[in-house]
Amino acid sequence: MLKLRRIKELTDLVFVRSEELLAGMCLARDIHFYDPSSQSAMVLKTGQKLTDMQVTQLCSAKLDGAYVDTVRSEVRVVSSINQQIRREAISNIHSLADNFIDSSKGVQKGDVEAIGNTTQELIDSLSSHKDILINIADIKMYDDYTYHHSLSVAIMAIAIGIELGLDNERLNELGLAGLLHDIGKVAIPIEIITKPDRLTREEFDIIKMHPVHAAAHLHERNLVNENIFRGIVGHHEKLDGSGYPNHLKGDEIHPYARILAVADVYDALTSNRPYRIPNPPNEAIEMVMGSMGTHFDERVVRAFLRKVAPFPTGSRVKLSNGETAYVMKNYPDQPLRPLVAVIGADKVYDLSLDQSCLNIVIVELIEDKKINRTLINM
Ligand SMILES: [Fe+2]
């Protein structure tokens, strides 16, 4: 029962942008912000229903938005990627995976069509909120790894694709490749996938075959086209040829594979895995940027940086000067330098625009238990 209740708690929470907040919406997380009209720090508590005046205050405080409880709200709540689509996506990937490991059956045309429909819904959601940054915490609410990882990668890949100007047909192919890229892992013994210790060479060789298993199975049955096939099979290739399975270099790697590679590595670095704790988002971003040009396509990384919010609005962060602050607003292009309100002091730091803040950096994201990634333990 505990598990069910906690999942319900999570699925009731969505992020709503400031301009879409309405009186009657119920807060799912505390909001700390600096109100310029009263020149003071304000706190709105979880469970509180917003009034018109508070909505105005939140908008004038330049807050990106707030986490809202969809069930307790008195008005209908919309989100960039709603829970219904998420649930549908996960359930469709599950069904496809079940058929993938059932050798008497194999993946069916209907399985791929169902995932294709989900992909279009993700594209529609993300395209209708083109200017919104992808809130990483918002899409990482679970850690039942492979399936949720696939959804996170697809969402990030589509967002990158939109930023790169891909048309709807290409976004569909890319999203489908994202949802299916790791499906080959379900055929690998679970003891290897979840092994907490270092993998032996033989075990790693088995893991390295997962892009081939998935792509070959789908391609042989004529369920995916050449582009999707090359996206899936190449998602672990690196520009300098040090990737796998085919050690492709530069332009030999399909553009979809180059996009999936960035989304895949970022999501893996920031997720809870049996063999290591997650990297903080800022470190993961720095690692991705550090591999730009050697492992990752520079254009793809730059598009990715414009679409992610590693320190989502409302999250609590530790600053290099020892202060703790709440994130109020994110800027595209400056994912590591948002606008923050210092807790316990009536001041805000604009880490991107204020010259006097140049020496201050965010050193830690203080995770909120409600949306952290430790649900694997429940
Ligand atoms: Fe993979």
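Residues numbered from 1 in each chain as written. Predicted model: local features only at pLDDT ≥ 70, side-chain atom pairs only at ≥ 80, totals over all residues.

### As for the overall build of the chain
Next, step 1: Within the chain, the regular secondary structure consists of 14 helices and twelve strands.
Next, step 2: Out of the 378 residues in the chain, the part that is buried amounts to 43%.
Next, step 3: Across the chain, the fraction of contacts at a sequence separation of at least 24, relative to all contacts at a separation of at least 6, is 68%. (Helix = DSSP H or I, 4+ residues; strand = E, 2+ residues; numbered from the N terminus. Buried ≥ 20, exposed ≤ 12 C-beta atoms within 10 Å, placed from the backbone. Contact = placed C-beta atoms within 7 Å.)

### A few points about the confidence of the model for the chain
Next, step 1: Mean pLDDT over the chain: 81, with 85% of residues reaching 70 or higher.
Next, step 2: Low pLDDT (under 50) marks residues 369-378, which in the prediction has 17 contacts with non-local residues, meaning those over four places away or in another chain. (pLDDT = per-residue confidence, 0-100.)

### A closer look at the pairing of strand β9 (residues 324-331)
The two faces of a sheet get side chains in turn, since along a regular strand they alternate between them.
Next, step 1: Within β9, six of the eight residues are buried, which leaves it mostly tucked inside the rest of the structure.
Next, step 2: Following strand β8 (residues 316-319), the chain reverses through four residues before pairing antiparallel with β9; G322 in that reversal takes a positive phi of roughly 95°.
Next, step 3: Where β9 folds back on strand β10 (residues 334-342), the antiparallel hairpin that results is connected by two residues, among which D333 adopts a positive phi of roughly 80°. (Pairing = 2+ DSSP bridges.)

### Quick notes on the nonpolar core
Next, step 1: By size, the foremost hydrophobic cluster in this structure holds 91 residues, and its most contacted members are A157, I158, I160, V262, M328 and V340.
Next, step 2: Of the residues forming this core, the biggest block, ten residues, is contributed by helix α6 (residues 145-163).
Next, step 3: Counting residues domain by domain, this core receives three or more from each of domain 1 (2-69) and domain 2 (83-310).
Next, step 4: Sequence-distant contacts of V262, defined by excluding residues within four places in its chain, comprise I160, V288, F296, V300, V301 and F304. (Core = buried A, V, L, I, M, F, W, Y, C linked by C-beta atoms within 7 Å. Domains from an automatic or database assignment.)

### Notes on helix α4 (residues 109-128)
Next, step 1: Relative to the 28 Å expected for 20 residues at 1.5 Å per residue, α4 spans 29 Å between its end C-alpha atoms, a close match to the ideal helical length.
Next, step 2: Among all positions of α4, only D111, I115, T118, T119, L122, I123 and L126 are buried. The arc that holds the buried residues of α4, viewed along the axis, is 145°, so those residues lie on one side. α4 presents K109, G110, E113, N117 and S128 as exposed residues on the side facing more than 90 degrees away from its buried surface. (Expected span 1.5 Å × (residues − 1). Arc of directions from axis to C-beta.)

### Description of unusual backbone geometry
Next, step 1: The peptide bond linking Y244 to P245 adopts the cis configuration, its omega dihedral lying at 10°.
Next, step 2: In this fold, P245 is placed in the loop between α11 (226-233) and α12 (255-269).
Next, step 3: With phi around 60°, N222 is a residue other than glycine that occupies positive phi space.
Next, step 4: As for its placement among the helices and strands, N222 is situated in the loop between α10 (210-220) and α11.
Next, step 5: Looking at N222, the number of C-beta atoms within 10 Å reads 8, which means it is exposed.
Next, step 6: If you check the backbone angles, H247 has positive phi at about 50° while not being a glycine.
Next, step 7: Here H247 shows up in the loop between α11 and α12.

### Focus: the packing of helix α7 (residues 168-180) against α11
Next, step 1: Contact geometry of α7 with α11 gives a least axis separation of 9 Å together with a crossing angle of 40°. Taken as axis vectors, α7 and α11 run oblique relative to one another. The two elements α7 and α11 meet at a crossing, and its hand is right-handed. Along the contact surface, α7 presents E173, L174, L176, A177 and L180, while α11 presents N227, I228, G231 and I232. (Axes fitted to C-alpha atoms, helices over the stretch in contact; angles between N-to-C directions. Parallel < 35°, antiparallel > 145°, perpendicular 65-115°, else oblique. Left-handed = near helix turned anticlockwise from the far one by under 90°.)

### Some remarks on the environment of P211
Next, step 1: When you line up the elements, P211 lands in helix α10.
Next, step 2: Remark: the alpha-carbon pair of P211 and F229, spanning 18 residues in sequence, is separated by 9.4 Å.
Next, step 3: Not counting residues within four places of it along the chain, the set of residues in contact with P211 comprises G184, I232, V233, H235, H236 and P245.

### Re the pairing of β10
Next, step 1: The pairing of β9 with β10 spans five bridges and is classified as antiparallel. Across the sheet, the residue bridging to Y331 is Q334, located in β10.
Next, step 2: The loop that links β10 with its antiparallel partner strand β11 (residues 348-350) comprises five residues; one of these, G344, has a positive phi angle of about 85°.

### Considerations on the sheet that holds strand β12 (residues 362-366)
Next, step 1: The five strands lie next to each other as β11-β10-β9-β8-β12, forming an open sheet whose pairing is antiparallel. Of all the strands in the sheet, just β11 and β12 have a single pairing partner and so form its edges. Taking the axes of each pair of neighbouring strands and ignoring which way they run, one obtains an average angle of 40° across the sheet.
Next, step 2: With three bridges connecting them, β8 and β9 associate as antiparallel partners. Within β9, the position partnered with K318 by the bridge is T324.

### A few points about the packing of α4 against α7
Next, step 1: Between α4 and α7, whose axes approach to 9 Å, the crossing angle comes to 120°. As summarised for this structure, α4 and α7 are arranged oblique, according to the angle between their axes. As for the relative orientation of α4 and α7, their crossing is right-handed in sense. Mapping the contact onto sequence places I115, G116, T119, Q120, L122 and I123 in α4 and N168, L171, N172, G175, L176, L179 and L180 in α7.
Next, step 2: When its residues are assigned to classes, the contact of α4 with α7 shows seven nonpolar, six polar and no charged. (Nonpolar A, V, L, I, M, F, W, Y, C, P; charged D, E, K, R; others polar.)

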